[in-house]
Amino acid sequence: MAELRFEAVSKSFGDLTAVRELTLTLADGEFLVLLGPTGAGKTTTLRLAAGLERPDSGRVFIGGRDVTDWPPAARDVAFIFQTFSLYPHLDVRDNLAFPLRAPARRLGEAEIRRRVEAVAELLGIADKLANWATQLSGGEMQRVAIGRALVREPRLFLMDEPLSSLDAKLRETLRIELKRIQRDLGATILYVTHDQIEATTMADRIGVLEGGELLQLAPPREVYDRPAEVRVARRLGSPAINLLPAALVPELVPASGVARIGIRPEDITLGTGAFRARVRQIEPLGADTVVLLEFRDTGLHALTTGRDGLQTGQQLAFDLARDRLLSFDERGHLLTSTGTG
Amino acid sequence: MTAIRLEGVSKRFAGFTAVDALDLTVPDGSFFVLLGPSGCGKTTTLRMIAGLEMPSEGRILLDGEDVTELRAGRRDIAFVFQLFALYPHMNVRRNIAYPLRSRGVARAETARRVEEVARMLRIEHLLDARIGRLSGGDRQRVALARAVVRRPRAFLMDEPLGTLDAAFRELMCEELRGLHDCIGATTVYVTHDQIEAMRMADLIAVMNRGRVEQLGTPEELYHRPRSTFVARFIGSPAMNLLACRIEQDAGDPVAVLAGVRLPGIPAPAGTAEATLGIRPEHVRIDETSALRGEVLAVEYLGARQVVTVEGPFGLLKLRAPNRLALAFGDRPGLAFDPGRVVWFDADGRSLATARRREAAGG
């Protein structure tokens, strides 16, 4: 496996700047997730790493070597896409072996067999090797697609929303498997998604992208607890963070220059406290309940574990975990001298 | 407003039974969700209520009136497919007014109703804006306004939020439920997304192979699933289902999970084997417990975390506040909240426990 490094990489398509001055190092063995909405520049970043796009400026390094001018095939990276394309006329074994039979590889059949079986074991599809690709479920197909990348033993994996075409339960299973495989192999993975759950559950570090710009790069907990700016704070968390104008809650404003106060829904405690609100809506999610409060003519979401006695329309007291509040300035940047301290 | 009743309704397509002898009552003014995986019959059921499909058998009643033979257009029900299709060349006011104008409603009445519904959805300041200028959320609100402005007897919605991303879906669930609280029109809503169902529904009918597997409030389905199908379908991550042996201890049944006795847990009588169901948030770390496994994954979800533990019992998930420090490779002891355990038989049907039966009897 190898390190991947972008140095001030930019890429435009006509008037549209897809990636702007991106500097980023993906450490050897790291699982890095780029999170952002459609059009953030996630896929372009992957394609730049793969050599499917050439940067307008800046350099790309893999394993310490400048590969900016290298063609895709020479980079020895594996690209896994959202839609998995298997060869329908081949069984699972031959699908997995296919990349190894390329003439340039010159691998013996015994070695191919060894690698295919090891990967099938790792992915839990050892009993499916003789099945036709068309006989597999969606989850098995995506496992084979991942397996086909693994057998090559590339230096780097690039994954473009590989789980997004699967149903929720399957995504849950494959998230855990993918993380386990990455850990077992020490694989270096650059993974892009718009799904915050995939990012927070798998990533060693998350890079939050928007409009071609890297807004923050940090471990999931840090991105969640100390978002560098409002755009990042909104990107993670469900329900989303409450952002109140400072003028609405002067008693919570720690210093001048604060424009907005961010409150995570789980940091609101219902039932006691100095604040009063009206319950506008109650949404049970199973383990948790989202309560939409009407507070000083603004909506405020609280996340609680029970809904004991809560009624729509009732007035109630609530409190805030004051050490968890976030202060943002006029430009939306986190004020670090205040807030959680 | 309108109550909807289905009596013995079946629908067969060339030998395939999509809906199988369904009896269902949608109470007047309720938000009623048909929930299930693809192919469970939920959309076919909705289309029969709308009059877009004819039942092979059975009757459909709106407010007691048999409408089984009535064409879709005469049932006065609004069918909402997807919420985002607006007319881009019209402003917000004209978009919302469109269903009324096309029905020939008088101009003054149209204006009044458009403003009323815009106020309800907090978009009255946008009435003269062009659609192209609106944010995504405002567009959805306009689409909603257009769906409700003609005040049909009931709303039928088929995965209207299916194409939206997660954050948006969350927002629109809240808007839809808020709107329902305002106008109180009977709504039948089809989805395969259990979170959407939980967030919005008064009642959920979980469907499986053309039948209703369980009908209840979100809380009932979540805490007292009557089958393993419902236990798995509702909740994310799903309920843990663990195969146990049931032994006798001085005449009382005791559950044994992977060789570990669980004396504090009420167990079902009259069976040697049963499946224990426990939600991830009702699994606790207990270092005195003999039930142990190895942490396979710690999934950080912001407010909460989900920990996957692998042991002789298989895989088990627990959900905990994000402050709990567990790492890959740890071997925690595990315990279950006794009041939260549910039991299922070999067919996946729920079982009463000896203690619960006594409580019910006494």
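Residues numbered from 1 in each chain as written. Chains lettered and ligands numbered in written order. Predicted model: local features only at pLDDT ≥ 70, side-chain atom pairs only at ≥ 80, totals over all residues.

Before going further, it helps to spend a moment on the overall build of chain A. Tallying secondary structure elements over chain A gives 9 helices and 17 strands in all. Along the longest, intermediate and shortest principal axes, the C-alpha atoms of chain A span 75 × 45 × 35 Å. (Helix = DSSP H or I, 4+ residues; strand = E, 2+ residues; numbered from the N terminus.)

Residues and elements named next belong to chain B. According to the domain assignment, chain B consists of domain 1 (4-231) and domain 2 (238-361). Put simply, the middle of domain 1 and the middle of domain 2, counted by C-alpha atoms, are 38 Å apart. Taken together, the contact pairs 7 residues of domain 1 with 9 residues of domain 2. For the side of domain 1 that touches domain 2, the class distribution of residues is 3 nonpolar, 2 polar and 2 charged. (Domains from an automatic or database assignment. Contact = placed C-beta atoms within 7 Å. Nonpolar A, V, L, I, M, F, W, Y, C, P; charged D, E, K, R; others polar.)

Turning to the interface of chain A and chain B, a few remarks are in order. Taken together, the contact between chain A and chain B spans 29 residues of the former and 29 residues of the latter. Elements represented by at least two residues in the side of chain A that touches chain B include exactly α6 (168-185), α7 (196-202), α8 (220-225) and β13 (268-284) of chain A. Broken down by class, the residue content of the side of chain A that touches chain B amounts to 13 nonpolar, 7 polar and 9 charged.

Before going further, it helps to examine the sheet that holds strand β4 (residues 57-62) of chain A. All names here are of chain A. Strand order in the open sheet formed by 4 strands is β2-β1-β4-β5, with antiparallel pairing between adjacent strands. Edge strands, defined here as strands with exactly one partner in the open sheet, are β2 (16-26) and β5 (65-66). Across the face of the sheet, helix α1 (residues 42-50) comes into contact with β1 (4-13), β2 and β4 while running at roughly 60° to β2. (Pairing = 2+ DSSP bridges. Axes fitted to C-alpha atoms, helices over the stretch in contact; angles between N-to-C directions.)

Residues and elements named next belong to chain A. The first and last C-alpha atoms of helix α5 (residues 138-150) sit 18 Å apart over 13 residues, in line with the 18 Å expected at 1.5 Å per residue. When you tally the buried positions in α5, you get 11 out of 13 residues, the bulk of the element. When we look at burial in α5, the residues that qualify are E140, M141, Q142, R143, V144, A145, I146, G147, R148, A149 and L150. Looking at the buried side of α5, the elements it contacts are β6 (77-80), α3 (92-97), α4 (109-123), β7 (156-160) and α6. (Expected span 1.5 Å × (residues − 1). Buried ≥ 20, exposed ≤ 12 C-beta atoms within 10 Å, placed from the backbone.)

Residues and elements named next belong to chain B. Structurally, A145 is set in helix α4 (residues 136-148). Separated by 34 residues in sequence, A145 and L179 place their C-alpha atoms 9.3 Å apart. If we skip the residues at most four places from it in the chain, A145 touches I96, V117, A118, L121 and I123.

Below, the discussion takes up unusual backbone geometry. Cis rather than trans, the peptide bond between S238(A) and P239(A) has omega equal to -5°. Structurally, P239(A) can be placed in the loop between α9 (230-235) and β11 (242-245). Omega for the bond connecting S236(B) with P237(B) falls within 30 degrees of zero, at -5°, which places this linkage in the cis form. Tracing the backbone through its elements, the reader meets P237(B) in the loop between α8 (228-233) and β11 (240-249). Backbone geometry at E153(A) places phi at a positive 50°, although glycine is not the residue there. Mapped onto the elements, E153(A) comes out in the loop between α5 and β7. Using a count of 14 C-beta atoms within 10 Å as the deciding quantity, one classes E153(A) as partly exposed.

Time to look at the domain arrangement of chain A. All names here are of chain A. Here chain A is partitioned into domain 1 (4-234) and domain 2 (241-328). Taken together, the contact between domain 1 and domain 2 spans 4 residues of the former and 6 residues of the latter. Across the side of domain 1 that touches domain 2, the residue classes break down as 3 nonpolar, no polar and 1 charged.

Residues and elements named next belong to chain B. With 95 residues, the main nonpolar core has V33, I96, A145, L156, V188 and L276 as its most contacted residues. No fewer than three residues from each of domain 1 (4-231) and domain 2 (238-361) sit in this core. Excluding residues that lie within four positions of it along the chain, I96 makes contacts with V114, V117, A118, V142, A145, R146 and V149. (Core = buried A, V, L, I, M, F, W, Y, C linked by C-beta atoms within 7 Å.)

So, on to the sheet that holds strand β5 (residues 65-66) of chain B. All names here are of chain B. Sheet architecture is open: 4 strands sit in the order β2-β1-β4-β5, paired in antiparallel fashion. A single partner strand is all that each edge strand has here, and the edge strands are β2 (16-26) and β5. Examined bridge by bridge, strand β4 (residues 57-62) and β5 share 2 bridges and lie antiparallel to one another. Pairing of L62 across the sheet is with E65, part of β5.

With that settled, consider the packing of helix α2 (residues 92-101) of chain B against helix α3 (residues 107-120) of chain B. Residue and element names in this part refer to chain B. Between α2 and α3, the shortest axis-to-axis distance is 10 Å and the interhelical angle comes to 125°. In terms of their interaxial angle, α2 and α3 are classed as oblique. Handedness of the crossing formed by α2 with α3: right-handed. For the pair α2 and α3, the contacting residues are R93, I96, A97, L100 and R101 in the first and T110, R113, V114, V117 and A118 in the second. For the contact of α2 with α3, the residue count by class is 6 nonpolar, 1 polar and 3 charged. (Parallel < 35°, antiparallel > 145°, perpendicular 65-115°, else oblique. Left-handed = near helix turned anticlockwise from the far one by under 90°.)

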